[in-house]
Structures are given as structure tokens and as C-alpha cells.
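Understanding the architecture of this molecule
These are the residues of each chain, in order.
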Amino acid sequence: MSNKMKLSGLTDILKDLDVQSLEGVTIEGDIELDISGGGGLNPAMAYALGHEAAQISMHVANIARMLGYPVDQLFAASMGGVPQQAPVAGASRIPELLPAKFDVSKMSEWATPIQEVTLGATSADGGSRKNTVTLGGENALPYYFDAEMPHRNYVTMDVFDMPISMAKSVKENYGDVINDPADWAKKVVKDFNADMVTIHLISTDPLIDDTPAREAAKVVEDVLQAVKVPIVIGGSGNPKKDPEVLEKAAEVAEGERVLLASASLNLDYERVAKAATDHGHAVLSWTQLEINAQKELNRKLMKQCNVPRDSIVMDPTTAALGYGLDYAYTNMERIRLAGLMGDDELTFPMSSGTTNAWGARESWMKESPLKQDSDWGPREYRGPIWEIVTGLTLSLAGNDMFMMMHPTSVQVLKEITQTLYGSIEAEEIDITKWIGAEV
Amino acid sequence: MKINSPLEAYKFLPGTNCGECGETSCMAFASHLIDRSLQATDCIPLIEEKKYKKKYDELVTLLAPEIREVVIGVGDNAISIGGDDVLHRHKLTFFNKTALAYDVWDTMEEADLVERVNKIQDFKKFYVGDYLTLDMIAVRSVSNDPEKFAATVKKVMETTDFPMVLCSFEPAVLRAGLEVAAEKRPLLYAANKDNWQEVAALAQEFNVPVTVFAPNDLDLLKSMAKTFADNGIEDVVLDPGTFPTGKGLKTTLNNFLKIRRAGINGDRDIAFPIMAVPFTAWMAHDDEVSASYWETVVASIFTVKYGDIMIMHSIEPYALMPQLHIRDTMYTDPRKPVTVDPAVYEIGSPTADSPLLVTTNFALTYYTVESDLSSNGVDCYLTAIDTDGIGVEAAVAGGQLTAAKIKKGLDDAGFDMGKLTHKVIVLPGLAARLQGDVEDETGAGVMIGPADSGRLPGWMEQNWPPQK
């Protein structure tokens, strides 16, 4: 074996190979294969060419190996492969780890804090709540290392002023209180650990019971008597009736700093805003999955209706898992990012109607309506997790407050969001043993 | 990718507007390169003509995604993970949906093993025109016995074409698995601080992708990934550890956030796909429902935030269904249209006696109703009203679905109510409050359908044809 083999020696090696027939293949001085097939290669030709080229490269590699160059390593590096002969175990071991230090910068663009909004008022502030709830104040996306999240997420549980149709697994929790909103409110706070209560005055809808606004306001008083947590007051969703209903409710709740739900572009938002400002409440600014509409409504509330910045919460709409959650998630995430980056029409805390998850058939239907589907399993387990995952996803987009219905969902969502917030301790688990775990 | 405007990509194209790619101009082609709907290899002159070789090479480098793409498995079932270019889906879209792997273990009885693998590979849920399905099998070595492991891997391969993750920290066990399965290109799990030299040698010898595992130690994780890549092992997956509870879970989330941000920001040494192991939830919870719930919750977090591949245990439908849907949620291309064209669509072969149904032009709503009808063999007319892509309930509340809109939708579609024998419009149950208005506006009779279109077939049996 010669150590002095020159490139010219290639010719001798190539002689042994049947390469003469390969027209269009030349080997240049820098060992670059030049394949000028012109009008395109047919597969057979390409294969033949590839085969010959590989043969050539093997010979060239042998030359390099003779010269003492670490050919095998080069092959492995450039092709992600290994040479034909497998290395004897240990022979080609990488001797040591390359040193590396992980580092990542914080987001400098997130320079604007989200507005803090406090709901509820204690006796010190002229109300009768035992505690208040403060939303917002973030300087980063939720749970991110860029900045501590100042307040945890909160859950307000739904209470209705009349019996409504509910999924079976939701309803069975409320059978005893369904005719009494005050008892219902007590139950969600005492038994289900709700941070707040939302009283929905749906019977006021002219198409339902058309309960007069003044009468509905009495239900609000009952709920305020029954529980000492901050409350949210919702109308029926009827755009003509809601302003009047919310005005009367705001009046009787004066001093309690409730959240009025909601002002929207398709009703007389000025009346709702005025009801809030006249009686010291906050207002929920509700739009439908449209960031520009959200900006417009917030702007109108601030500029046209003089709602203070510390009294606006946004509901950019929650679509359930599988039914548009992708839009809801991205809409919220864009709103929060725009706020953090300084769009002062969007720097408000957000609320999600997470209960909407119960509209998804996966959460309540006994079995799939489609024969092709695999078995959906028991619905009593499907429903709560549908509500949890819907809420959890939006919490990662920046949502602050969750309107929810099922006690299990509330419990799990609170546990997971507070875990990510950092306030839940747990026994450390040795995850290095997971592969062999007996489960 | 390193460039973000069509103009920058255009510089590397022939500029001849030859049209061979099917686009009208090189500039149009360039914009597809930037939105990643076409690749440089789709420009035929660029790859065929020698004079463009240098430009082609440069372009490919510039267009390479920030996060490396790793392929696991072979053939039709091969799965690509990674390949992302953005931190937020609205900035472009997320590529290569999170691969969902479910475990089997080498101490299972053979019959149980086969049954479980079949359950995993057969699970399917129909959703907007396609099936949501699972992706992979993770084989765990519980026995630590190479022979047992190899036999289990072999049985899995005989049962399914799903790609596999071979899980053991013992190199001899991994080798035994590879000797059976290397040609199927499984993912090795995992190299750690103790075994990395041997596992790296296995990855090289068998040319398979490999996971590096450094729980809550990003320096070590990066060091291993860099060492592997520098030694030609480019198909690396990162496992920074999935701590399922408490502060550990918060730390885990932040490790994922940090790794992905660094990767997208251009730190090539850490720009690899990330693995989450929600399985660890089973080490924290005793009862099955709690464990399944918590596993699903952890899986959801890391589907939303940067997990590219995950290993889970529960195969209960109440765990699989939300996992499949949250993955679909995150990986749906946000650039795709939200709506279908407003029109009256024929489902099946409707006649003059078939019902006329109303829904919205929100694509999800429309396709859900459409599949409920067509898969149950219901012949009918289905009207998609232009609600700006808002679903029924919200559109009724927000005023996008009104009697006037319904009248306009039918008129614009040129639908002749006169050709129906029954002169009845069926409204969605969630739009019941529009009944009177629609009767006044259209002069037709109005019936109220079920609140969920899944109940339409049953509703039809009870209520159709309408009583005169």
C-alpha cells in the first residue's frame, strides 16, 4: 500500500470500473461529479449513474483513508449514515460531550403591562363582599419565565334565574337548587369552591318569560345576600332587553363592584356602560372572535362612554374544543400579545365563557351519531374534560377568568392553572424511572 | 427560515417566469416558498440546470425551517416532527402536528399486547371530512431483558405499521430492539448522562433517530444534542423531562418555552423537536380516571406549547378524544378559510319532498351538519347562510343570523321554494327564536330542528314529512 498515491492514481482505479459507458460524467480536479444529463434522467439511468458514482466515491474514500483522513466520520456526518462495516462497539465512541451553556433572552417587546381590574368591594370600599378578585396585571404571556404573573386565574360559576336545559352530567349537580338562584349560588361557592358567581337573568328574554327588569333585579339582591364573593351579572342575550335589565341590576348592586355582562356592538352599549359607571361597576366588553371589533368596542367604551380603564374586562368569545377553539385561542393570543406590545386598546384582562364547551356533542351525547367512529365511551367522563381542555387552552392564550359549570371541571381547571401559576406544591416524582413504571 | 419576504427568495430563482412549476411568475412562486406551500425542488430549472446549482443550494439553506425536521418510521406511516418556523401559529402556521404515541410494555401477555396495539391503531373519530387518528406505539422495557424486549417489538411490528419508539436506558435492550426493528426506523429513547456514548453509537450504527433525555438540565440537554449533531447524528429529539405536578410542571412548561424560543431565535444547537411524556402523570395518581384526566391535561399543555411528540398511557376515549382535538386545534392552518360559500347545497339526492335545512357558513358548523346528514343517508337541501363565519348560537345572539339573512340567502342562491311540495324551512334548534320572523319574512312554514345536528336523523324519523 502506498502512502504516496496521487489523484492521478484515480484513473487507474477507475479503469477497473465500467464507467466508460457513462456519457456525461466527468471528474474534475476537485473531485466534483458533474452530471449533465440534459433532458432529464430516466429512473434506470439515474440508478445506474448513482451506483457508479457510489462505487467511485468508495474508491476515492479508500484513497482518503490511506492518506489517514477520518473518512468514516465524514460519511456519517454528511449522509447521516454509517460506513458499510459497522464499527466494533466502542471503537467509534464519541470521546466526550461538547461543552454547552443554554441561554435564552427574555422578550424585550413585552413592555406594556395588562391593566389590573378589581371586582367586588369589601366593607372598606362600601360593599359587602368578604373578598375582592383582581384580574390582569401581567407583563408576559401567562406562566412565562419572562415575568411573574401577579394574579392567579379565577373561576366564576354559572347560576341561572330559572331552570334551563343542561347536559345530564351537569344537571345532576344542581337538581336540588335549580329553582332557587340564591341556593344555587351558595352551593357553587360552598361545595364547589367557586371564586365568584355569575347570575344569568335569562328569564328576562321576551321570548322566554319576559320577566320585568325590576323583578330580575330582586334575584340579584338575593344572590348578593346569599354569597359574599364578587359577582357577575348577565342578561338574557336579548339585545333589546339587556340594557334595561342590566341598568336595574346595576342599580340594586350599587357599591358591590360587579361585572356587568355585557356591552357589545349589537346592543345599546352606551346604556350598559353608563349603568356601570353610574354605580361603580366594571363592564364586560364582548365581541365575536374579531380582534378589530374588540378594539373598536373598547375604544367606544373608553372614549365615547368614559368607562375608566380599570373597569373593562374583555370577552373575545369562546368556541369549544373541536368547534372553533383554534379561532378563539389565536384571537385571544393575538389580543394579549398586542396588549403586551403596547396596543392600549387591548391591554385588558380577558374572560372566557368556558361553559360553551357543553355545546360540543362530545361533552354530552351518549354516543357518536356517526357509525364510523370508534366507541366514545362513557359521557360522564367526556363532558368535564371537554370543559377543562377548552379552558386550559385559553388560559395559555392569556385568559384570566373562566365562566364554568361542572364542579369537576372547576376543580381540575383551578388545580392546573394554579400549578402553572406556581402556587401548588407537590411531592417530587422521580421521572427517570418512568420507562419501567408498573401502571 | 432565514428570509421572510418573497422578494428575498426571488433573487435565487431563474426569473424566467417559465411557468413549469404551475405558477404564473417566479415572484408568485417565491411567495409560495415563503408561506411554505411550495418547496425549492418544485422549481424544475433550478434543480435541473447546472448554472443554478449554487443559487439552489443557497436558497435551500435559507428556506430550511428553524426547528429541524425528524422523520420516524418508513413508508406511508412515516411521521415527520419538528420543522417549525414560528412561536405563534397566527404568524404562519405550525407544521408537523404533534405525534401521539401510546405505550405497550414487554411484560404484557401476548394476547393483551396485540389487543392493545389494535385498539391504538384502530381508534378513529370522524371530523370535518377526515378521520382523527393516533400515530405511534412506544414500547417500554419494564423487564430490562433484551430478549423479552426484542420479542415484544417483533410482535408490535407484526401487528401494526405504526412507527415505534423503543424505550429503555439500557443499551443492550435498545440494541436487541434495533436488531429486530432498525429497518422500520424507530425512534430511540433515550440517551442520558450515563449511557449517551453507547446510545449514540447505536444511533450511528443503525441510522435511526434518537432522543436525548436530561431532566430539567438544559445545559446538559444542549450539550448532548450538540455533541450528537457534530458527530453526524442529526436526527435528535429533545426530552427535557416532563414533571407532572406542582412546581415541577411549571418548570417543565418553562423549559419547553425556553428551548423553542432559543431554537426559533436561531440557536441551532437546541433547534430540535421536543418530546413530552405525559405518561408521568400515572406516577402521580393512583386511580385510573384521575391519572387519565391529569395525563390529558398535561398532554394538552404541551400540545399547545411546543411538544412535537408525546408518549401517553391512557387509551380511554375520554382521554383520546380531547387529545386528538386539541392537536387538531393547534395544527389547523390559520390561513385556511373560515367559511364555505353561502349557497343551497344538495346533500345526497334531494327531491321535491326533501327537507330544506338552514345552517351557517362557518366551515366547522357546515361540515359537521353535512357529515351528520350524508353519513346517515339523509337527502336534503342544506342552506349555508352568510353569517360572516359565525356559528348558529353566536350568530343568533350577535345578529348575523336573522330572518332577513335567511331570506336573502335563499334568494341569492336562486332557490325556488315553489319546487318543494311542503313549503317548509327547518331551522336549527339553536335558532328557534327566529321562528316567527322567518315565517313572516319568507311566507314559508317553519319547523324547529334539534339543537345538535347529530340528532337530525332521529328528528327526521319523528317529524318528516311534516303533517299537513
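Please refer to the structure higher up on the page.
Residues numbered from 1 in each chain as written. Chains lettered and ligands numbered in written order. Predicted model: local features only at pLDDT ≥ 70, side-chain atom pairs only at ≥ 80, totals over all residues. Heavy atoms only, no water.

Some details on the overall build of chain A
Cut-off, in case you're wondering: For helices the rule is a DSSP run of H or I covering at least 4 residues; for strands it is a run of E covering at least 2, with both sets numbered from the N terminus onward. Relative accessibility thresholds used throughout: buried, under 20% of the residue-type maximum; exposed, over 50%; partly exposed, between the two (1.4 Å probe, protein chains only). Whether two residues are in contact is decided by their heavy atoms, any of which lying within 4.5 Å being enough.
Helix and strand counts for chain A stand at 13 helices and twelve strands. Counting over 439 residues, chain A shows a buried share of 55%. Counting contacts in chain A only where the partners sit at least 6 residues apart, residues at least 24 apart contribute 69% of the total.

Some points on the interface of chain B and chain A
Convention followed: Summed over both partners, the accessible area lost on bringing two parts together, with a 1.4 Å probe, is the buried area. The working definition used for a salt bridge is a side-chain nitrogen of Lys or Arg within 4 Å of a carboxyl oxygen of Asp or Glu. Any pair of N or O atoms that falls within 3.5 Å is considered a polar contact. Within protein, one atom must be able to donate a hydrogen and the other to accept it, and sequence-neighbouring residues count only if both atoms are side-chain atoms. Charged means Asp, Glu, Lys or Arg here, nonpolar means Ala, Val, Leu, Ile, Met, Phe, Trp, Tyr, Cys or Pro, and polar covers whatever is left, Gly included.
At the interface, 107 residues of chain B touch 100 residues of chain A. Note on chain B versus chain A: buried area summed over both sides is about 9200 Å², and carbon and sulfur give 64% of it. B:Lys305 is the partner of A:Glu333 in a salt bridge, and the nearest nitrogen-oxygen pair spans 3.6 Å. Between chain B and chain A we count 35 residue pairs in polar contact (both at pLDDT 80 or more) in total. For the side of chain B that touches chain A, the secondary-structure elements that each account for two or more residues are β4 (124-127), α8 (196-206), α9 (218-230), α10 (246-264), α11 (288-304), α12 (317-331), α13 (363-374) and α14 (392-398) of chain B. For the side of chain B that touches chain A, the element with the most residues is α10(B), which contributes eleven residues. Here the side of chain B that touches chain A is built from residues that sort into 51 nonpolar, 33 polar and 23 charged.

Topic: the sheet that holds strand β14 (residues 356-360) of chain B
Residues and elements named next belong to chain B. For clarity, the cut-off: Strand pairing requires that DSSP identify at least two bridges connecting the strands. All axes here are fitted lines through C-alpha atoms, helices being fitted over the stretch that makes contact, and every angle between N-to-C directions spans 0 to 180 degrees.
Spatial ordering of the open sheet is given by β13-β15-β14-β16-β17, a layout of five strands whose pairing is mixed. The sheet is open, and its two borders are formed by β13 (343-347) and β17 (445-448), each paired with just one other strand. Strand-to-strand, the axes of this sheet are offset by a mean angle of 30°, without reference to chain direction. Bridging between β13 and strand β15 (residues 380-385) involves five bridges; their strand directions are antiparallel. When the bridges of β15 are listed, Ala343 appears paired with Ala384. Sheet contacts for helix α15 (residues 403-412): β13, β14, β15 and β16 (424-427); angle to β15, the most-contacted strand, approximately 120°.

Side note on the pairing of strand β5 (residues 154-160) of chain A
For a regular strand, side chains alternate in direction, first toward one face of the sheet and then toward the other. Residue and element names in this part refer to chain A. Within β5, seven of the seven residues are buried, which leaves it mostly tucked inside the rest of the structure. As defined by bridge partners, β5 adjoins strand β12 (residues 401-404) across four bridges and the pair is classed as parallel. Its bridge partner lying in β12, Tyr154 is registered against Met401. Sheet topology places β5 next to strand β6 (residues 196-200); five bridges connect them, and they run parallel. Residue pairing in the sheet places Asp158 in a bridge with Thr198 of β6.

So, unusual backbone geometry
Along the chain, A:Ala261 connects to A:Ser262 via a cis peptide bond; the corresponding omega equals 5°. Looking at the element boundaries, A:Ser262 is found in strand β8 (residues 259-263). Here the residue pair B:Trp464 and B:Pro465 is connected by a cis peptide bond, since its omega of -5° sits within 30 degrees of zero. Position of B:Pro465 among the secondary structure elements: in the segment after α17 (456-463). Although it is not a glycine, A:Tyr143 adopts a positive phi angle of roughly 70°. Inspection of the secondary structure puts A:Tyr143 in the loop between β4 (133-135) and β5. Owing to a relative accessible area of 2%, A:Tyr143 belongs among the buried residues under this scheme.

A short note on helix α5 (residues 181-190) of chain A
Residues and elements named next belong to chain A. Taken together, the buried positions of α5 are Pro181, Ala182, Trp184, Ala185, Lys187 and Val188. Taken together, the buried residues of α5 touch β5, β6 and α6 (213-226). In this structure Asp180 caps α5, since a side-chain oxygen of it lies 3.0 Å from the backbone nitrogen of Ala182.

So, the pairing of β17(B)
All names here are of chain B. Heads up, the condition is: For a crossover, the right-handed case is the one in which the path from the first strand over the helix to the second runs clockwise, viewed with the strands pointing away from the viewer.
Judged from the four bridges that link them, β16 and β17 form a sheet pairing that is parallel. Bridge pairing links Val424 to Gly445 in β17. With helix α16 (residues 435-442) bridging β16 and the parallel β17, this β-α-β connection has right-handed handedness.

Quick word on the pattern of salt bridges
By the definition in use, this model includes 45 salt bridges over all chains. The shortest N-O distance in the salt bridge between B:Arg433 and A:Asp205 comes to 2.8 Å. Of the two residues, B:Arg433 sits in the loop between β16 and α16 while A:Asp205 sits in the loop between β6 and α6, which places them in two different chains. By relative accessible area, B:Arg433 is classed as partly exposed at 33%. Look at A:Asp205 and you get buried, because its relative accessible area is 1%. Salt-bridge contacts for B:Lys155 lead to B:Glu158; the nearest nitrogen and oxygen are separated by 3.1 Å. Residue B:Lys155 and its partner B:Glu158 are both found in helix α6 (residues 146-159); the two are separated by three residues, about one turn of the helix. Linked through salt bridges whose partners overlap, the residues forming this network are A:Lys295, A:Arg299, A:Asp343 and A:Glu345.

Brief notes about the sheet that holds strand β7 (residues 231-234) of chain A
All names here are of chain A. In spatial order, the strands read β10-β9-β8-β7-β6-β5-β12-β11; together these eight strands make up an open sheet with parallel pairing. Looking along the sheet, the strands with just one partner apiece sit at the ends: β10 (312-315) and β11 (351-352). Of the strand pairs in this sheet, β6 and β7 are connected by four bridges, and their pairing is parallel. Along β7, the bridge assignment pairs Thr198 with Val232. The strands touched by helix α7 (residues 242-252) within the sheet are β7 and β8, with β8 carrying the most contacts at an inclination of about 165°. Sitting on the sheet, helix α8 (residues 269-278) touches β8 and β9 (282-286), and the angle it makes with β8 is about 170°.

As far as function goes, none of this settles anything; it's purely spatial.
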